[in-house]
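What the coordinates show
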Amino acid sequence: MGRLFSKVAIVTGAGMGIGRAIALKFASEGACVAAADLDTAALESVTSEIRAAGGTALPLIADVTVKADVDRIVERTFAEWGAIDVLVTSAGICQETEFLAITEEEWDRHLAVNLKGTFLISQQTARTMVECGTRGSIIHISSVNGMQGEANQAHYNVSKAGVNLLTMSMAVELGRAGIRVNAICPGFIQTRLTQALIDQPSLIREYLKSVPLGRVGQPEEVANMALFLASYESNYVSGQTLVIDGGQLNKLA
Ligand SMILES: NC(=O)c1ccc[n+]([C@@H]2O[C@H](COP(=O)([O-])OP(=O)(O)OC[C@H]3O[C@@H](n4cnc5c(N)ncnc54)[C@H](O)[C@@H]3O)[C@@H](O)[C@H]2O)c1
């Protein structure tokens, strides 16, 4: 029996990268997975892969910045399975721009997807958990960039710092209802977001000098940490920002 047997999980950004790896991992551990994403083709691909492996998935096309879409994710998931035990917020964007060149539109979009989107789905899911008396687990996919000021990503860094404080604030308030809220802060993970750098051998060789483990992380490694936070094994862990970065942040500090 899987570690998430009979649990219901919502995963945003489930179409690609880290969210996709988490959706696949959770389904393989027995969870019913509501997979939400903007990208219809990516969503079809991940839900068919889950079903082909014998798992259970519900694809939900949604933009996490739109409150009506977010409310629909929660309503549809609850209508389908009658509970929501776990939420993972992985939908996110990161576009590199020098501080002096960041436009108002870029700033607003990063804050809207990464921070407001995380707030909207977390609040609506937590309301359902509280109403149902579910002692659930909410997992935000944040970033080490929420803890340090990496160049050319001021808008992204700020959005993730906001996610880290949202995590702590929610954990304080929702703890009384038995709901745990944690953030995972990945370092450099191989996904669409980072592929352009990985494809440049001399640049990536230079970059990896800052990573003590000397390699890029994989989405499945982040999924393993999410599985721990979703399962009973982390029952006394809340309000934490867990770093998974091959030791990079420690080295920079
Ligand atoms: N890849 C890394 O190195 C890295 C490091 C730290 C943190 N992260 C964080 O991990 C999360 C996932 O990133 P990834 O690397 O897997 O990227 P990705 O681009 O591979 O996947 C992101 C997914 O989110 C979806 N998405 C984007 N905007 C959306 C919206 N408004 N509504 C719904 N879905 C939306 C995309 O369609 C895509 O499927 C992000 O929050 C990112 O900030 C990634």
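Residues numbered from 1 in each chain as written. Predicted model: local features only at pLDDT ≥ 70, side-chain atom pairs only at ≥ 80, totals over all residues. Heavy atoms only, no water.

Things to note about the overall build of the protein chain
When helices and strands are tallied, the protein chain shows 9 helices and 7 strands. Scaling as 2.2 N^0.38, a compact globule of 253 residues should have a C-alpha radius of gyration of about 18 Å, and the protein chain matches this with 17 Å. Oriented by its inertia axes, the alpha-carbon framework of the protein chain measures out at about 50 × 35 × 35 Å. Here the protein chain holds 253 residues, and the buried ones make up 51% of them. For the protein chain, contacts bridging at least 24 residues in sequence account for 69% of all contacts bridging at least 6. Accessible surface computed for the protein chain: about 11,800 Å², of which carbon and sulfur atoms make up 55%. With 20 positive and 26 negative side-chain charges, the protein chain shows a separation of 6 Å between the mean positions of the two kinds. (Helix = DSSP H or I, 4+ residues; strand = E, 2+ residues; numbered from the N terminus. Rg over C-alpha atoms; globule rule 2.2 N^0.38 Å. Buried < 20%, exposed > 50% of the residue type's maximum accessible area, 1.4 Å probe, protein only. Contact = heavy atoms within 4.5 Å. Areas by Shrake-Rupley, 256 points an atom, 1.4 Å probe, with all protein chains shown as cover. Lys, Arg positive; Asp, Glu negative; His and termini not counted. Charge placed at Lys NZ, Arg CZ, Asp CG, Glu CD.)

Remarks on the pairing of strand E1 (residues 8-12)
Among the 5 residues that make up E1, 5 are buried, leaving the element largely enclosed by the rest of the structure. Alternating residues of E1 divide into Val 8, Ile 10 and Thr 12 and Ala 9 and Val 11, and every residue in both groups is buried. Handedness of the crossover is the feature at issue here: the chain leaves E1, passes through helix H1 (residues 17-28), returns alongside strand E2 (residues 32-37), and the resulting connection is right-handed. By the bridge criterion, 4 bridges tie E1 to strand E4 (residues 86-89) in an arrangement that is parallel. (Right-handed = clockwise from strand over helix to strand, strands pointing away. Pairing = 2+ DSSP bridges.)

Some thoughts on the pairing of strand E5 (residues 137-141)
The element E5 is extensively covered by neighbouring structure, given that 5 of its 5 residues are classed as buried. Side chains Ser 137, Ile 139 and Ile 141 of E5 all project onto a buried face; the interleaved residues Ile 138 and His 140 project onto the opposite face, where all are buried too. Relative to E5, E4 runs parallel, the two being bridged by 4 bridges. When the bridges of E5 are listed, Thr 89 appears paired with His 140. Viewed along the sheet, the connection from E4 through helix H4 (residues 104-132) into E5 turns out right-handed. Summarising the sheet, E5 and strand E6 (residues 180-186) pair through 5 bridges and their orientation is parallel. Its bridge partner being in E6, Ile 138 is matched across the sheet by Val 181. What joins E5 to E6 is helix H5 (residues 154-174), and the crossover it makes is right-handed.

Some thoughts on the site of the ligand
With respect to spatial proximity, 29 residues lie near the ligand, and among them Ile 18, Asp 37, Tyr 156, Ile 189 and Thr 191 are the closest. Interatomic distance of 2.6 Å between a side-chain N/O atom of Asp 37 and an oxygen atom of the ligand. One of the backbone N or O atoms of Val 64 is found 3.0 Å from a nitrogen atom in the ligand. Compared with its free state, where it exposes 820 Å², the ligand has 96% of that area covered by protein. Counting residues per element, the ones that place at least two in the shell around the ligand are H1, H4 and H5. Class assignment of the residues belonging to the shell around the ligand gives a composition of 13 nonpolar, 10 polar and 6 charged. (Near = heavy atom within 4 Å. Polar contact = N/O pair within 3.5 Å; in protein donor to acceptor, adjacent residues only side chain to side chain. Nonpolar A, V, L, I, M, F, W, Y, C, P; charged D, E, K, R; others polar.)

Examining helix H3 (residues 67-81)
An ideal rise of 1.5 Å per residue puts 21 Å on 15 residues; H3 measures up with 22 Å between its terminal C-alpha atoms. Its buried side turned inward, H3 meets E1, E2, strand E3 (56-61) and H4. (Expected span 1.5 Å × (residues − 1).)

Some remarks on the nonpolar core
One finds Ile 22, Phe 26, Val 88, Ile 139 and Ile 184 to be the most contacted residues of the largest nonpolar core, which totals 31 residues. Counting residues per element, the ones that place at least two in this core are E1, H1, E2, helix H2 (40-52), E4, E5 and helix H8 (219-230). The greatest single-element share of this core, amounting to 7 residues, is contributed by H8. Apart from the residues within four sequence positions on either side, Ile 139 is in contact with Val 86, Leu 87, Val 88, Thr 89, Asn 182, Ile 184, Ala 226, Leu 229 and Ala 230. The next biggest cluster of nonpolar side chains, apart from the first, holds 22 residues, and it includes Ala 34, Ile 121, Ile 138 and Ala 171. (Core = buried A, V, L, I, M, F, W, Y, C linked by side-chain atoms within 4.5 Å.)

Some remarks on the pattern of salt bridges
Applying the stated rule across the entire model yields 7 salt bridges. Here Glu 233 ties to Arg 3 by a salt bridge, and the two come within 2.6 Å at their closest N and O atoms. Here Arg 3 lies in the segment before E1 and Glu 233 lies in the loop between H8 and strand E7 (241-244), a separation of 230 residues in the sequence. Judged by its relative accessible area of 38%, Glu 233 is partly exposed. (Salt bridge = Lys/Arg side-chain N within 4 Å of Asp/Glu carboxyl O.)

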